[in-house]
Amino acid sequence: VLQLLRGVQRGSEDRKRSLSRLRWALQNKETQQKFVRLDGSIRTLIGLFTSSLADMQMEAARCLHELSHSSDPAVAEACLPVTSYLLTYLSGHSVEFTELCLYTLGNLVVESEAVRKQLLPQGIIPVLASCIQSPHEAVLEGLGYVLSQLLQAKEAPAEIVPLVLDSVLPQHMLRLVCSGLKAGTGAAVEFAWCLHYIVCSHTANAALLSLGALPALTSLLLDLASEIPQDAPEGLELLVCPVLRCLSNLLAEETGCEVQIQDERLLIALFLILQCFLQQHPFIVQECLWLLNNLTADKPFFCSALLSLDLLPALLQLLPCSQMASVLVLTVLCNIAEKGPAYCQQLHQQPVLPLLLPTLALPDPEVVGQCLELLHLLFRHCPEAAADFVRQGGHRALEQHQSTPELQERVRALLDMVGQPLGAATFSPCHATLSAFS
């Protein structure tokens, strides 16, 4: 390493060759750590990085990029002196050089709080905002990468999100996500995740709502569902996931924003997306169900639409997908049942009860607990459901949980209701909106 550094410092004709060899050497973790401890190593790289020789400058940038991959915070902090130059070079130069600077910045901010604290006063957010007008996909993708790393930092909600909201970034990110999702671009992926991290900070939702985030993202899902091929292109799930999460979390806020998207086509879009990704990417099922829960939690509009569009059978088919899918399907059914007798009668007319019996036999207390919530609502609003439940052997299914501590009180209440269909026992249904994953 020392020999390569000396070769770079000597200024001989072999300097570029030494620099190129150094770049390959810096792919090794131990070499990175040794290099930054050598006297004058970073200073030498900065000198070449800021030189007027384009080929030397690019090779030095590649060396710095290799260093930025280090998971050792000491290596990232050794690169502190180069951050101001990285920001300066984001304007101008070649697309490849700008892209390299962006990814180097993104890598450095991941590992070091010291780097992040230095970059914020240096004006990284305004500089990044100036890059978002770039016509180059590679630059936009690199920009999205830097932003997504910054927005995941522990200090992001208090220190970084407010700066982002004060810039032009949110509206441009929303525009690029909505225009780029169908094309499956990398920049759209990065910006979709950026919007998700901003929403998760819970300090920015009013600002995003004022930009029209809900109707824009809803329209995006509608367009996607109407054009999505049966075998979705690989990578599309990485775009769909953060969009679903953004909508779920925005709806979880107590803003009355659900009124803005009373469009039953959104339910059809959700089930089309579910069908498309169910086999290859089952995690999307969970994301769709989070959103479906938050749509049906309060206002009856989407509960009525789900029943009138005959989507209940498709929902019930998702019960055995996974533990979390079971809980969420049951929670959506609770949301519907909570709306009153007319809704419970419609649920009773569908094959809900026969599917709940095997669900009660599961060993998972969370799934069984949510099933008990649903049964309570059905029995309270639709006494004939209680009678049918007993005829189908449900009484015995309940009794097997009498000794489960977290379930026994609710089981006893349901057994009382089965004995007296009009039932006096009550417990609060679980129908609140749920924040999607942070």
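Residues numbered from 1 in each chain as written. Predicted model: local features only at pLDDT ≥ 70, side-chain atom pairs only at ≥ 80, totals over all residues. Heavy atoms only, no water.

An unreviewed UniProt entry annotates the protein as TMCO6 protein originating from Himantopus himantopus.

Turning our eyes to something else, we now look at the pattern of salt bridges. Enumeration according to the criterion identifies 12 salt bridges in this entry. With a shortest N-O distance of 3.0 Å, glutamate 96 and arginine 62 are connected by a salt bridge. With glutamate 96 in helix H8 (residues 95-111) and arginine 62 in helix H5 (residues 54-68), this pair connects stretches of sequence that are 34 residues apart. Among the residues examined, glutamate 96 registers a relative accessible area of 43% and is labelled partly exposed. The class of arginine 62 is partly exposed, set by a relative accessible area of 23%. A salt bridge links arginine 245 to glutamate 287, with the nearest nitrogen and oxygen atoms 2.9 Å apart. Placement of arginine 245 in helix H17 (residues 236-252) and of glutamate 287 in helix H19 (residues 283-296) is noted, with a sequence separation of 42 residues between them. (Salt bridge = Lys/Arg side-chain N within 4 Å of Asp/Glu carboxyl O. Helix = DSSP H or I, 4+ residues; strand = E, 2+ residues; numbered from the N terminus. Buried < 20%, exposed > 50% of the residue type's maximum accessible area, 1.4 Å probe, protein only.)

Below, the discussion takes up the packing of helix H20 (residues 301-308) against helix H23 (residues 341-349). The contact between H20 and H23 brings their axes to 11 Å, and the two run at 30°. Relative to H23, the element H20 lies roughly parallel. Both H20 and H23 take part in a crossing whose hand is left-handed. From H20, Cys303, Ser304 and Leu307 reach across to H23, where they touch Tyr343, Gln346 and Leu347. Among the residues forming the contact of H20 with H23, the class breakdown is 4 nonpolar, 2 polar and no charged. (Axes fitted to C-alpha atoms, helices over the stretch in contact; angles between N-to-C directions. Parallel < 35°, antiparallel > 145°, perpendicular 65-115°, else oblique. Left-handed = near helix turned anticlockwise from the far one by under 90°. Contact = heavy atoms within 4.5 Å. Nonpolar A, V, L, I, M, F, W, Y, C, P; charged D, E, K, R; others polar.)

This part takes up the environment of lysine 154. Along the chain, lysine 154 falls in the loop between helix H11 (137-151) and helix H12 (156-165). Between the alpha carbons of lysine 154 and glutamate 113 there is a distance of 9.1 Å; along the sequence they are 41 residues apart. The contact partners of lysine 154, leaving out residues within four places of it in the chain, are Glu113 and Arg116. Within the structure, the side chain of lysine 154 is placed 2.8 Å from the side chain of glutamate 113, a separation counted as a polar contact. (Polar contact = N/O pair within 3.5 Å; in protein donor to acceptor, adjacent residues only side chain to side chain.)

Let us look at the side chain of glutamate 59. By the element assignment, glutamate 59 lies in helix H5. The exposure class of glutamate 59 is buried, given its relative accessible area of 5%. Side-chain polar atoms of glutamate 59 contact the side chain of arginine 23, separated by 2.6 Å. Not counting the four nearest positions on each side in its chain, glutamate 59 is found in contact with Leu19, Ser20 and Arg23.

Attention now moves to the confidence of the model for the protein. Overall, the prediction assigns the protein a mean pLDDT of 87, with 91% of residues at 70 or greater. Segment residues 420-431: pLDDT under 50, and 25 contacts once partners within four positions in sequence are set aside and those in other chains are kept. (pLDDT = per-residue confidence, 0-100.)

Along helix H26 (residues 383-391), the residues classified as buried are Ala385, Ala386, Asp388 and Phe389. End-on view of H26: buried residues confined to an arc of 165°, all on one side of the axis. Of the surrounding elements, those touching the buried residues of H26 are H23, helix H24 (352-360), helix H25 (365-381), helix H27 (394-399) and helix H28 (408-419). Of the residues trailing H26, glycine 393 is marked for its positive phi of about 90°. (Arc of directions from axis to C-beta.)

This brings us to unusual backbone geometry. For aspartate 310, which is not glycine, the phi dihedral falls at a positive 60°. Along the chain, aspartate 310 falls in the loop between H20 and helix H21 (312-316).

Here the protein is described as being made up of domain 1 (1-122) and domain 2 (124-211). Listed per partner, the contact involves 18 residues of domain 1 and 21 residues of domain 2. The largest share of the area that domain 1 buries against domain 2 comes from Leu102, Tyr103 and Leu120, three residues that together contribute 34% of it. For the pair domain 1 and domain 2, the number of links is 3 salt bridges. For glutamate 113, the salt bridge is made with lysine 154, and the minimal N-O distance between the two is 2.8 Å. Applying the counting criterion to the domain 1 and domain 2 interface returns 4 residue pairs in polar contact (both at pLDDT 80 or more). Secondary-structure elements contributing two or more residues to the side of domain 1 that touches domain 2 are H8 and helix H9 (113-119). For the side of domain 1 that touches domain 2, the element with the most residues is H8, which contributes 10 residues. Counted by class, the side of domain 1 that touches domain 2 contains 10 nonpolar, 4 polar and 4 charged residues. (Domains from an automatic or database assignment. Buried area = accessible area lost by both parts, 1.4 Å probe.)

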